[in-house]
Amino acid sequence: MIGTIAGSAELFSHASNMRQEVQLRIAQQMAIVNGAAAEAAFQLNPVLAHQIAHGLFSDEVVAWVIIRDDFGRPLAEFNTAEQVNSTWLSQYLFSDMLHHQAALEYFIGSDMPEAIVGEIELFLAEDYLAQQFLARIYSVVGVSVLEAFILSLLVIAFFHVFITRPLLKVHEAITHTDPTRPGQWPKPSLRGHRHDELGHLVDSLDHLLKAFQQGLEQRDQLHHLSTMDGLTGVANRRHFDEFYQRHWELAQQTQQPLSVIFIDIDNFKEFNDHYGHAMGDDALRAVSNALNQCLDPTRDLLARYGGEEFVCVLLGKHHDNAVQVANCLREAVLSLAIPHAYSSTHANLTVSMGVSSMSPGLPVSADALIQHADQHLYHAKRLGRNRVETCKRPA
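Residues numbered from 1 in each chain as written. Predicted model: local features only at pLDDT ≥ 70, side-chain atom pairs only at ≥ 80, totals over all residues. Heavy atoms only, no water.

### Some points on the packing of aromatic side chains
Scanning all chains against the criterion turns up nine aromatic pairs. Chaining the aromatic ring pairs together yields one cluster made of Phe240, Tyr244, Phe262 and Tyr305. The ring centre of Tyr305 lies 3.9 Å from the NZ or CZ of Arg237, which sits over that ring. (Phe/Tyr/Trp six-rings, centres within 6.5 Å; stacked < 30°, edge-to-face > 60°. Lys NZ or Arg CZ within 6 Å of the ring centre and 35° of its normal.)

This is the structure in structure tokens:
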């Protein structure tokens, strides 16, 4: 609506300017030729009148011109033979200014007033005026379109340099951000935008991603705490259950061996009763650290099963390998040389173990594999403790 009003106002302004220009030019031309035309009318000189009229008619804006004497007789006349193509636009713009008429005044003497010796009359070419107006409008529109195009290019270039390109840098930085480490995103450096909206946007994104990174770290820490035993630092019972079930199913699918070792600290109740729970906790931590020394932390799992009991899950190890690991575990605890003066079997702290294995040729259920290792553990205790017990061959 605003554009229409502005365009209409501009068209009206151009039409008004053109009308004024044409009227001024015709008035000036008639004023210039008035003296000569008056001379021709006074002398009844058709040759001179013809020259004057032809000069006016040579202007394309004039469609008809006539010079008359004081009796109304034409001395010279020129008229275009073409039929005027009148339109509503030309009628609206120029119909009231087509006809021009002026008396020819002749100066006879200083003691006599100027005498009217004839008249000059002309009509303007309505279709020519309309064409000139349209040509001017087309020119103005063309210039306006060119100006608008150039302005659009400047606006587009401005937005590209100062808005689009910085936003694309921010987008590229976000797309190259590691989802696991959002706080370490490649924060873009936007020169000239440090204190404007884009700079504030980048700073806000930086704060948001760093806060998200802290949230991920807190989540991982909580997850780690939820899966680790608070006293010994090894995996807890929940982590063991998930790990064991997942890798037992994987071993079934890939036809890989899997072994389980149950570990119990011998006579630990007596140790706690006589040395105190603080010493008992220290002993548990020392034993768990020693056990971990014999395991591959990238594959195997050591977990506190409960109280003084531990369990190991050995991935990809056959029965004989599992027995070797169990003996390494037992020796590692013995090497601690933790005194246990109140033990009924040994002078130092010892462990008993039960080993159970699953191989592709001898499949066994997950629960049965655990039960076999537990049974072998209690068999080791009945046989005097500080020993590794298992089947003659894998379960």
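### Let's talk about the environment of Leu89
Tracing the sequence through the fold places Leu89 in helix α3 (residues 88-94). Separated by 252 residues in sequence, Leu89 and Ala341 place their C-alpha atoms 122 Å apart. If near-sequence neighbours (up to four positions away) are discounted, Leu89 is found in contact with Phe133 and Leu134. (Helix = DSSP H or I, 4+ residues; strand = E, 2+ residues; numbered from the N terminus. Contact = heavy atoms within 4.5 Å.)

### Digging into the state of the cysteines
Tallying each qualifying case throughout the model produces one disulfide. Between the sulfur of Cys294 and that of Cys328 lies a disulfide, 2.4 Å long from S to S. For the disulfide bridge between Cys294 and Cys328, the dihedral angle about the S-S bond is near -75°, and by the sign convention the bridge is left-handed. Taken together, the residues span a long stretch of sequence, with Cys294 in the loop between α8 (277-292) and β6 (301-306) and Cys328 in helix α9 (residues 319-334) at a distance of 34 residues. When its relative accessible area of 19% is taken as the criterion, Cys294 is described as buried. A disulfide-free cysteine, Cys391 has its sulfur positioned 18 Å from the sulfur of Cys312, the nearest such atom. (Disulfide = S-S within 2.5 Å. Buried < 20%, exposed > 50% of the residue type's maximum accessible area, 1.4 Å probe, protein only.)

### A word on the environment of Gly199
By the element assignment, Gly199 lies in helix α5 (residues 197-227). A relative accessible area of 7% means that Gly199 is categorised as buried. In this structure, the C-alpha to C-alpha distance between Gly199 and Leu216, residues 17 residues apart in sequence, is 26 Å.

### What about the sheet that holds strand β1 (residues 62-69)?
Pairing within the open sheet is antiparallel, and its four strands lie in the order β2-β1-β4-β3. Each end of this open sheet is capped by a strand with a single partner; those strands are β2 (74-79) and β3 (99-106). The average undirected angle you get between the axes of adjacent strands in this sheet is 15°. Pairing geometry for β3 and strand β4 (residues 115-124), over eight bridges, is antiparallel. Bridge pairing in β4 places Leu104 opposite Gly118. (Pairing = 2+ DSSP bridges. Axes fitted to C-alpha atoms, helices over the stretch in contact; angles between N-to-C directions.)

### Description of the sheet that holds strand β7 (residues 309-315)
Pairing is mixed across the open sheet formed by five strands, whose spatial order is β6-β7-β5-β8-β9. Of all the strands in the sheet, the pair left with one neighbour each is β6 and β9 (388-389). As paired elements, strand β8 (residues 351-358) and β9 share two bridges and run parallel to each other. When the bridges of β9 are listed, Gly354 appears paired with Glu389.

### Section: helix α2 (residues 46-57)
Here α2 spans 16 Å end to end across twelve residues, near enough to the 16 Å set by a 1.5 Å rise per residue. Regarding α2, the residues found buried are Ala49, Ile52, Ala53 and Leu56. Viewed end-on, α2 has its buried residues packed into an arc of 95°, placing them on one side of the element. Every exposed residue of α2 that faces more than 90 degrees away from the buried side is listed here: Val47 and Gln51. Two to three positions downstream of the cap, the backbone nitrogen of Val47 sits 3.2 Å from a side-chain oxygen, assigning the N-cap of α2 to Asn45. (Expected span 1.5 Å × (residues − 1). Arc of directions from axis to C-beta. Polar contact = N/O pair within 3.5 Å; in protein donor to acceptor, adjacent residues only side chain to side chain.)

### Description of unusual backbone geometry
The phi dihedral of Leu44 is positive, around 55°, even though this residue is not glycine. The phi dihedral of Gln255 is positive, around 55°, even though this residue is not glycine.

### Focus: helix α6 (residues 237-254)
In this model α6 runs 25 Å from its N-terminal to its C-terminal C-alpha over 18 residues, within 8% of the 26 Å that 1.5 Å per residue would give. Here the buried face of α6 lies against β5 (258-265), β6, β7, β8 and α10 (366-382). One side-chain oxygen at the N-terminal end of α6 lies 3.3 Å from the backbone nitrogen of Arg238; it belongs to Asn236. Phi for Gln255, located one or two positions after α6, is positive at around 55°.

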